[in-house]
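# Coordinate analysis (summary)
So you can see what is in the structure, the chains are spelled out below.
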There are 2 protein chains.
Amino acid sequence: MSVKFAVLGHGVVGSGVVELFYKNKKSIEKRAGTEMDIKYILDLRDFPDFPYQDKFTKDFNDILNDDEITSVAECMGGVEPAFTFVKACLDKGKSVSTSNKELVAEKGDILLAAAKAHGCNFFFEASVGGAIPIIRPLHRCLAANDINKVAGILNGTTNFILTKMYNDNMTFSDALKMAQELGYAEKDPTADVEGYDACRKICIISSLVYGRHVYPKSVFTKGISEIDLADVAAADILGNAIKLVASVRRLDDGRILPAVMPMLVPHDNIMSGVNDVFNAVLVYGDGIDQAMFYGRGAGKLPTASAVLGDVIETAKSHSTVASQSWEPSQDSSFIAPVDELKARWYFRVPADCCDIPEGAYTDDNGSSFITDHTLTWNDAAQKAAAMKAYAYLPVME
Amino acid sequence: MSVKFAVLGHGVVGSGVVELFYKNKKSIEKRAGTEMDIKYILDLRDFPDFPYQDKFTKDFNDILNDDEITSVAECMGGVEPAFTFVKACLDKGKSVSTSNKELVAEKGDILLAAAKAHGCNFFFEASVGGAIPIIRPLHRCLAANDINKVAGILNGTTNFILTKMYNDNMTFSDALKMAQELGYAEKDPTADVEGYDACRKICIISSLVYGRHVYPKSVFTKGISEIDLADVAAADILGNAIKLVASVRRLDDGRILPAVMPMLVPHDNIMSGVNDVFNAVLVYGDGIDQAMFYGRGAGKLPTASAVLGDVIETAKSHSTVASQSWEPSQDSSFIAPVDELKARWYFRVPADCCDIPEGAYTDDNGSSFITDHTLTWNDAAQKAAAMKAYAYLPVME
């Protein structure tokens, strides 16, 4: 038997899937335990210089109506037409593996239900953390754990910018410009810089770990555009790196608190050493204590590696994987507001301010310190106003 | 349907499996998609204060001959009687999940063949890196990659000792004593300190990644007992941490080079920040570039988490997982000798030695430097002899 699959979209990720598959076809087939081949590549554009001309089609129905196609790799991005195509495939019992975080974050519950109803799988390892295996480890390898917190650096662009600010003393805008020149940031960098991209990814992790669909609109999201070099430097002297942290924790009453925000990560936390465009996900569970998964969060072949890993799984087994699923959510009452986040806080205030604690670090940019007790978001905001703070940020536990 | 499993051995890991299973039974069953329970716990000792008295047995045949038992967790350690018991279970079609690295490193090929012949699985996630998901990610999530190198910190005891030497300026013997007092090292610490434990683990990884059984006796293994505080300090000043690195790489001619030895890990490599008893595995592949897996490498609940993750997999599916397998090896001609390891080298030599390059660091303990070109093991040994070196160590790429 030979498994035939289709690739939807021949952009960066889709072309990477084709390239990596043919490069390692032999070993992939050995690991899959079956012969495999790509039968279709869907794209509206022409790629005259590309070797596999006979596989290109502009008509999605060629794929949908071909019963030989049992598995589909969706690499188009965006909610539509990806959603319509993916839903149609699942409804026909064709498993789908996607790199499309927007699709999973907005429509994951519907697509998982469709897969279950038709005995196939909707896989999305590539949608979070690029090359990093995180989805499958979360629901399979760590299945014996009660997971109480996940915290990640889930956006490579912002991590690159923060690393440049930290290592090379570059301002935010200079580092952003460099990221754009290197192709790490879009012309319009809003989705990365303001945290929307990281938000989609923590929505997917939250949904998987806690079992109910978490929508991006329900998640407090703050980006890094207000981070000042003075804070990067002061945080370092106080023993921390500033990172854009996407996290979710379960509160004592069972509600969950997902959020995206810049935080101080102490130098003795392994995540503080995650630099440049690399991503990492730190998982806290009652069995493992903590485990971290680290790697390239984006890029042609890293993302293709994750998509193909899923496609190989669909070739190995056709029954729906029960543990990789979550329920729809009727409302967002199970999501706690960000004010319930309790943390120690970093403040940078005028050097002549009152109430500056001992051990504060003072330079031309003011006095910086970290509270030794936890404050809620609102308490921190009040304290910041009272002290006329230049900046204040929570510290990751 | 309810899946009944047995736990062989009620020591640290076995009792952890029982504890973690009953703590999270509800969510485990949800992820497994089936009810599950422990039916037997095998141990020759009595545990009168333990709650599940009705489950204890001293007779392995109770388990072997009970057709209701489809899955077994082996937590006894050592090659015998574990091998005999595990083989008997697999021959009866009962899947086995083990934390026993000695068993897998010495008998893995035989047990994998038995599992395949009888349509069940021999799983061993817990045998490498404790809680860290690494076996399943290697053969499943990264299945699309051509993996050219794996390098890991695979022994928590030695990493604790090296961290104490680095952070607190403790000598090797003082740090070892502290590790013993904290229960991180055995009374006889040979297996940890001399690298034998890490060797077994890199054998398992090498076998899985490269497809042929690699025996511990074929792997060059050097421990950390000769590491001097002067080298830890000088390596740091030169931008590196000294770590016990277990690694395997594929050479251009297809042979592989597994080895265990202390190496300098540059500070800009994420692995240099892996401290205390934590383990980490860095995987290099043509799709992912690099990915790292980090967590607790030992301990009751962390190891139990990995064993149970495997047991849950056996409850989900009964067909043999083709990708988690390797062939027996008739000889060791596919394993290259350690002299073929090419690396840049660290040397500490008498300060009045000739040929000390510019940029060397000199203090009362001599002059330390790192070569800017690679040397084989024998070349490095010759250079060390010629310079009357106090110490020399390879640098991890």
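Now for a description of the structure that goes with this document. All values derive from a computational prediction rather than experimental measurement.

All names here are of chain A. Residue glutamate 80 is joined to proline 81 through a cis peptide bond whose omega torsion reads 5°. Position of proline 81 relative to the elements: it lies in the loop between strand S4 (69–74) and helix H4 (82–91). Backbone geometry at asparagine 169 places phi at a positive 60°, although glycine is not the residue there. Tracing the backbone shows asparagine 169 in the loop between helix H7 (156–168) and helix H8 (172–181). At lysine 388, a residue that is not glycine, the phi angle is positive and equals roughly 50°. Residue placement: lysine 388 occurs in the loop between helix H13 (377–386) and strand S16 (391–395). A relative accessible area of 64% means that lysine 388 is categorised as exposed.

For the rest of this paragraph, the subject is the packing of helix H5 (residues 101–117) of chain B against helix H10 (residues 196–210) of chain B. Residues and elements named next belong to chain B. Relative to each other, H5 and H10 sit at 50°, their axes nearing to 9 Å. Relative to H10, the element H5 is oriented oblique. The interaxial crossing formed by H5 with H10 has left-handed handedness. Residues Lys101, Glu102, Val104 and Ala105 of H5 touch H10, and the partners they reach there are Asp197, Arg200, Lys201, Cys203 and Ile204. By residue class, the composition of the contact of H5 with H10 is 4 nonpolar, no polar and 5 charged.

This part is about the interface of chain B and chain A. Across the boundary between the two partners, chain B contributes 44 residues, which contact 44 residues of chain A. Counting each side, the surface lost to burial between chain B and chain A is near 3,900 Å², with a carbon and sulfur contribution of 55%. Where chain B packs against chain A, one counts 6 salt bridges. Counting the contacts that link chain B with chain A gives 20 residue pairs in polar contact (both at pLDDT 80 or more). In terms of residue class, the side of chain B that touches chain A is built from 23 nonpolar, 10 polar and 11 charged. With 5 bridges joining them, strand S12 (residues 289–296) of chain A and strand S12 (residues 289–296) of chain B adopt antiparallel strand pairing. Bridge pairing links phenylalanine 293 of chain A to phenylalanine 293 of chain B in S12 of chain B.

Here we come to the pairing of strand S15 (residues 366–370) of chain A. Residue and element names in this part refer to chain A. Within S15, 4 of the 5 residues are buried, which leaves the element mostly enclosed by the surrounding structure. Bridging between strand S14 (residues 361–363) and S15 involves 3 bridges; their strand directions are antiparallel. Within S15, the residue paired with threonine 362 across the bridge is serine 367. Linking two consecutive strands that pair antiparallel, namely S14 and S15, is a turn of 2 residues.

Moving on, we come to the nonpolar core. Formed by 169 residues in total, the largest nonpolar core has its most connected members in Phe122 and Val283 of chain A together with Phe122 and Val283 of chain B. Residue contacts for phenylalanine 122 of chain A: discarding those within four places in its chain leaves Val86, Leu90, Val96, Thr98, Leu103, Val104, Leu111, Leu112, Ala115 and Gln324 of chain A. In this structure, Met263 and Cys353 of chain A together with Ile153 and Phe347 of chain B belong to the second largest nonpolar core, which totals 66 residues.

Moving on, we get to the sheet that holds strand S3 (residues 56–57) of chain A. Residues and elements named next belong to chain A. Ordered by their spatial adjacency, 6 strands build an open sheet running S3-S2-S1-S4-S5-S6, and the pairing between neighbours is parallel. The open sheet is flanked by S3 and strand S6 (122–123), the only strands paired with a single partner. Where strand S5 (residues 95–98) and S6 come together, 2 bridges link them in parallel fashion. Paired with serine 97 across the two strands is phenylalanine 123, which belongs to S6. Along the sheet, helix H1 (residues 12–23) makes contact with strand S1 (2–8) and strand S2 (35–42), crossing S2 at roughly 155°. On the sheet, helix H12 (residues 300–316) packs against S1, S2, S4, S5 and S6 and is oriented at approximately 165° with respect to S5.

An α-helical turn contains 3.6 residues, so any two residues separated by three or four positions project in the same direction. The complete set of buried residues in helix H2 (residues 25–32) of chain B reads Ile28, Glu29, Arg31 and Ala32 of chain B. What you see down the axis of H2 of chain B is that its buried residues fit within an arc of 165°, all on one side. Turned more than 90 degrees away from the buried face of H2 of chain B sit Lys26 and Lys30 of chain B, all of them exposed. Next to the buried residues of H2 of chain B lie helix H6 (135–141) and helix H10 (196–210) of chain A together with helix H1 (12–23), strand S2 (35–42) and helix H12 (300–316) of chain B. Residue glycine 33 of chain B follows H2 of chain B closely and has a positive phi angle near 75°.

Once that is clear, we can look at the pattern of salt bridges. Enumeration according to the criterion identifies 44 salt bridges over all chains in this entry. Here aspartate 289 of chain B makes a salt bridge to arginine 296 of chain A, at a shortest N to O gap of 2.5 Å. One end of the pair, aspartate 289 of chain B, is in strand S12; the other, arginine 296 of chain A, is in strand S12, on a second chain. Looking at arginine 296 of chain A, the relative accessible area reads 24%, which means it is partly exposed. A salt bridge links arginine 45 of chain B to aspartate 43 of chain B; the nearest nitrogen and oxygen atoms lie 3.0 Å apart. With a relative accessible area of 47%, arginine 45 of chain B lands in the partly exposed category.

Right, let's get into the packing of aromatic side chains. Between two aromatic rings, the relevant description is the distance of the centres plus the angle of the planes. Taken as a whole and judged by the stated rule, the model has 33 aromatic pairs over all chains. An angle of 80° between the planes, with centres 5.3 Å apart, marks the rings of tryptophan 345 of chain B and tryptophan 377 of chain B as edge-to-face. Within this pair, whereas tryptophan 345 of chain B is found in strand S13 (residues 344–349), its partner tryptophan 377 of chain B is found in helix H13 (residues 377–386), the two being separated by 32 residues in sequence. Judged by relative accessible area, tryptophan 345 of chain B falls into the buried class, the value being 1%. Classification of tryptophan 377 of chain B by relative accessible area gives buried; the value is 15%. Connected via pairs of aromatic rings, a cluster forms that spans Phe5, Phe21, Tyr22, Phe47, Phe50, Tyr52 and Phe56 of chain A. One Lys or Arg, lysine 383 of chain A, reaches over the ring of phenylalanine 347 of chain A and ends 5.7 Å from the middle of that ring. The ring of phenylalanine 334 of chain B has arginine 212 of chain B sitting right over it, with the charged end atom 4.3 Å from the ring centre.

Rules and cut-offs
Residues numbered from 1 in each chain as written. Chains lettered and ligands numbered in written order. Predicted model: local features only at pLDDT ≥ 70, side-chain atom pairs only at ≥ 80, totals over all residues. Heavy atoms only, no water. Helix = DSSP H or I, 4+ residues; strand = E, 2+ residues; numbered from the N terminus. Buried < 20%, exposed > 50% of the residue type's maximum accessible area, 1.4 Å probe, protein only. Axes fitted to C-alpha atoms, helices over the stretch in contact; angles between N-to-C directions. Parallel < 35°, antiparallel > 145°, perpendicular 65-115°, else oblique. Left-handed = near helix turned anticlockwise from the far one by under 90°. Contact = heavy atoms within 4.5 Å. Nonpolar A, V, L, I, M, F, W, Y, C, P; charged D, E, K, R; others polar. Buried area = accessible area lost by both parts, 1.4 Å probe. Salt bridge = Lys/Arg side-chain N within 4 Å of Asp/Glu carboxyl O. Polar contact = N/O pair within 3.5 Å; in protein donor to acceptor, adjacent residues only side chain to side chain. Pairing = 2+ DSSP bridges. Core = buried A, V, L, I, M, F, W, Y, C linked by side-chain atoms within 4.5 Å. Arc of directions from axis to C-beta. Phe/Tyr/Trp six-rings, centres within 6.5 Å; stacked < 30°, edge-to-face > 60°. Lys NZ or Arg CZ within 6 Å of the ring centre and 35° of its normal.

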